[in-house]
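Descriptive structure summary
Next come the chains, spelled out residue by residue.
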Amino acid sequence: MKKMVLDVCAKINLSLDVIGKREDGYHLLSMIMQSVDLKDRIFVERIPNKPFTLKTNHSKIPTDDGNIICKAIKVYCDETKIDDGYQIFLDKKIPIEAGMAGGSADAAGTLLALNRLNGNILTMEELSNLALQIGTDIPFSFLGGTCLAEGIGEKLTKLPDVDLNLLVIKPDKGVSTREVYTALEWEKIKKHPNNNKIMELLASSQQNDIFPYMENVLYEVSKRFVPEIEDIIVELEEKFFCPKAMMSGSGSAVFGIFMNLEDMEKAYNYFSQKYHSVYKTKTVKQSIYEIK
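Below: a short report on this structure. Just so you know, the residues in each chain are numbered from 1, in the order the chain's sequence is written. Under the rules for a predicted model, residues below a pLDDT of 70 receive no local features and side-chain atom pairs below 80 are neither given nor counted, while totals for whole chains, interfaces and linings still include all residues. In computing side-chain properties, one takes all heavy atoms of the structure into account and sets aside hydrogens as well as water.

As for the nonpolar core
Here is the rule we go by: Note on terminology: a nonpolar core comprises buried Ala, Val, Leu, Ile, Met, Phe, Trp, Tyr and Cys residues joined through side-chain atoms within 4.5 Å. Each residue is assigned to one of three classes by its accessible area relative to the maximum for its type, calculated with a 1.4 Å probe on protein chains only: buried under 20%, partly exposed between the two thresholds, exposed over 50%. For helices the rule is a DSSP run of H or I covering at least 4 residues; for strands it is a run of E covering at least 2, with both sets numbered from the N terminus onward. Every residue pair with non-hydrogen atoms within 4.5 Å of one another is taken to be in contact.
Core analysis: the largest hydrophobic core is formed by 35 residues, its most contacted members being Val18, Leu167, Leu218, Leu236 and Phe271. Top contributing element to this core by residue count: helix 8 (residues 228-239), with four residues. What phenylalanine 271 contacts, discounting residues up to four positions off in sequence, is Leu167, Ile169, Ile232, Glu235, Leu236, Phe240 and Val278. Counting residues in each nonpolar core, the second largest holds 33 residues, with Leu6, Cys70, Tyr76 and Ala107 among its members.

Here it is, written out as structure tokens:
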């Protein structure tokens, strides 16, 4: 095999809690993550004895060592001692600086593709451990679906899959994850998600009852950087009968869960007049799909 094409999925957070901080500065998390069918497509071709190249359709994405795909290739080649050339094209659809782990999904897809092109010489556990060197969301992107993520995001527990229709709105301005966590005073957080209750309801197939227990503790910080986050949430819930709207990750993307597709269509038409990045999407059971 010399070529692979993969679709890699974005994620949203059904909850995000910060419960501590390690001595190395990483925050300890407890969050429920969910794959959605908003996808990037990655084309990977192995070209022996040629230099590595990365191209993309997105003008704001670097194609040098600043790109997480390049970092993924470096750690893989360092680990396996296989330094063949690779030609990669990234067809970017997941919005950037959105809190939807688009970069992590791209890195996961790249690592998986490299490993398969080289005969699966690393196990998935080894690949996940390798991925943690460059991003804490990447192990989730291998597993996908509905998961509880703990620690710094690397401890994953598969949960019953949910089936939800979503509208995602990303304000034109993005948010720096680093800036949000730097500004966060986690000891002063007053409103937390109830992950235990969410998991109990999911186990009982009562997914529509989880909404009151969903929360993102980064929201209060992120909306200081992008006030539109709060405006979008209020409009989704008050104008369009959306039973739950919240920010994903550190933002700036907001998602609304819709029970009625006509209401979602009205909201889509409204927000599409205000923002460039508006997507109708739904939850999915995995994060990476090979295109034959």
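Considering the sheet that holds strand 9 (residues 254-258)
What holds strands together in a sheet is hydrogen bonding between their backbones, with the strands either parallel or antiparallel. Applicable threshold: When DSSP locates at least two bridges between a pair of strands, those strands are taken to pair. Note on method: axes are straight lines fitted to C-alpha atoms, helices fitted across the in-contact stretch only, with angles between N-to-C directions ranging 0 to 180 degrees.
Spatially, the four strands line up as an open sheet ordered 8-9-7-10, and their pairing is antiparallel. Each edge of the open sheet is held by one strand with a lone partner, namely strand 8 (244-247) and strand 10 (277-282). For this sheet the average axis-to-axis angle between neighbouring strands, irrespective of direction, equals 20 degrees. Packing of helix 9 (residues 261-272) onto the sheet brings it into contact with strand 7 (165-170), strand 9 and strand 10, and relative to strand 7 it is tilted by some 10 degrees.

A short note on the pattern of salt bridges
What counts, and what does not: Whenever a carboxyl oxygen of Asp or Glu lies within 4 Å of a side-chain nitrogen of Lys or Arg, that contact is scored as a salt bridge.
In total, this model carries 17 salt bridges according to the counting rule given. Arginine 41 serves as the salt-bridge partner of aspartate 7, at 2.7 Å between the closest nitrogen and oxygen. Residue aspartate 7 is located in strand 1 (residues 3-21), and its partner arginine 41 is located in strand 2 (residues 27-47); the two are separated by 34 residues in the primary sequence. We classify aspartate 7 as buried; its relative accessible area is 10%. A network of salt bridges, in which partner residues are shared, links Asp40, Lys92 and Asp106.

Some words on the packing of aromatic side chains
Where we set the bar: Only centres within 6.5 Å qualify two rings of Phe, Tyr or Trp (six-membered ring in Trp) as a pair; their planes then separate them into stacked at under 30 degrees, edge-to-face at over 60, and tilted for everything else. A ring is scored as having a charge over it whenever the NZ atom of a lysine or the CZ atom of an arginine sits within 6 Å of its centre and within 35 degrees of its normal.
Enumeration over the complete set of coordinates arrives at four aromatic pairs. An angle of 50 degrees between the planes, with centres 5.9 Å apart, marks the rings of phenylalanine 240 and phenylalanine 271 as tilted. Here phenylalanine 240, found in the loop between helix 8 and strand 8, pairs with phenylalanine 271, found in helix 9; they are 31 residues apart in sequence, far enough to count as distant. Of the two residues, phenylalanine 240 and phenylalanine 271, both sit in the buried class. Taking the centre distance of 5.0 Å and the plane angle of 85 degrees together, the rings of tyrosine 270 and phenylalanine 271 count as edge-to-face. A relative accessible area of 25% places tyrosine 270 in the partly exposed class. Residue classification places phenylalanine 271 among the buried positions, given a relative accessible area of 0%. These aromatic residues form a ring-pair network of at least three members: Phe240, Tyr270 and Phe271. Lying across the ring of tyrosine 289, lysine 39 places its NZ or CZ 5.6 Å from the centre. Sitting over the face of the ring of tyrosine 268, lysine 280 holds its NZ or CZ atom 4.5 Å from the ring centroid.

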